[in-house]
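Residue-level structural notes
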Amino acid sequence: SFSLEPVLERLALGLWRSVRRLAGADGRVALQTTFARGFPEYRGEIAAGSLMSMFEIGDASGSGLLVLDSRLADAAIEVLLGGGQFSGAPETATAAARAYTPADQAVVRGLVRLIIAELSRPLAAPGSPTAGLTGRLLQTETDPELVTMGPPEGRVTVARFEAVLGPVGCAGTFDLVL
């Protein structure tokens, strides 16, 4: 049987390396928790301002969802476009949805593609039962009601990661939903 744990551990390690290359010595990524939930229930828990990116693995043999909280999206935008100084204090930052500029969206899509590429590495490894599979970004949404996965009543596995992209407060979480 196929275990997701080694894939998640490799994903966290690969992302940690990539984030350190992008954001410097303060960057890190760590797996916080995994859990299973009905998709409608999970979708109802997605915080306002989160960015949801649907992707497929292989030839549409499976799909997934990445949910970046607004803090992580804003941190990525600030670090990669704003010179690494996070402007919002953690205590005062809100999860309210904001309009993302085309440049902001490009930065977030780049981060999502990085996560998908790192997820694809252990899946595509020679000798793995999933050898040769790769991931591809399909679309990004800001409204949870527009996101679907499998049958409406289906269950999903969620792996929640914390990502730190720089100085204090320049962090957030993302969920990998399979």
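Above: the structure in question.
Reading guide: rules and limits
Residues numbered from 1 in each chain as written. Predicted model: local features only at pLDDT ≥ 70, side-chain atom pairs only at ≥ 80, totals over all residues. Heavy atoms only, no water. Salt bridge = Lys/Arg side-chain N within 4 Å of Asp/Glu carboxyl O. Helix = DSSP H or I, 4+ residues; strand = E, 2+ residues; numbered from the N terminus. Buried < 20%, exposed > 50% of the residue type's maximum accessible area, 1.4 Å probe, protein only. Pairing = 2+ DSSP bridges. Contact = heavy atoms within 4.5 Å.

Time to look at the pattern of salt bridges. Under the counting rule described, the total for this entry stands at 4 salt bridges. With a shortest N-O distance of 2.7 Å, Arg136 and Glu56 are connected by a salt bridge. Here the residue Arg136 occupies a position in strand E4 (residues 135-141), and Glu56 occupies one in strand E2 (residues 51-57), the gap between them amounting to 80 residues. Exposure remark for Arg136: the relative accessible area of 47% places this residue in the partly exposed category. Judged by its relative accessible area of 14%, Glu56 is buried. The residue Arg160 makes a salt bridge to Asp175 at a minimum N-O spacing of 2.7 Å. Taken together, the positions of Arg160 in strand E5 (residues 155-164) and Asp175 in strand E6 (residues 171-177) put the pair 15 residues apart, joining distant regions of the chain. Given a relative accessible area of 5%, Asp175 falls into the buried group.

Here we take up the pairing of E2. Counting buried residues in E2 gives 7 out of 7 residues, a clear majority hidden from the surface. Here 6 bridges tie E2 to E4, and the two strands are oriented antiparallel to one another. Looking across to E4, one finds that Glu56 is bridged to Arg136.

To continue, consider the environment of Ala163. Along the chain, Ala163 falls in strand E5. Judged by relative accessible area, Ala163 falls into the buried class, the value being 4%. The sequence separation of Ala163 and Arg28 amounts to 135 residues, and the corresponding C-alpha distance is 5.8 Å. Once residues lying within four places of it in the same chain are set aside, the contact partners of Ala163 are Arg28, Val29, Leu72, Cys170, Ala171 and Gly172.

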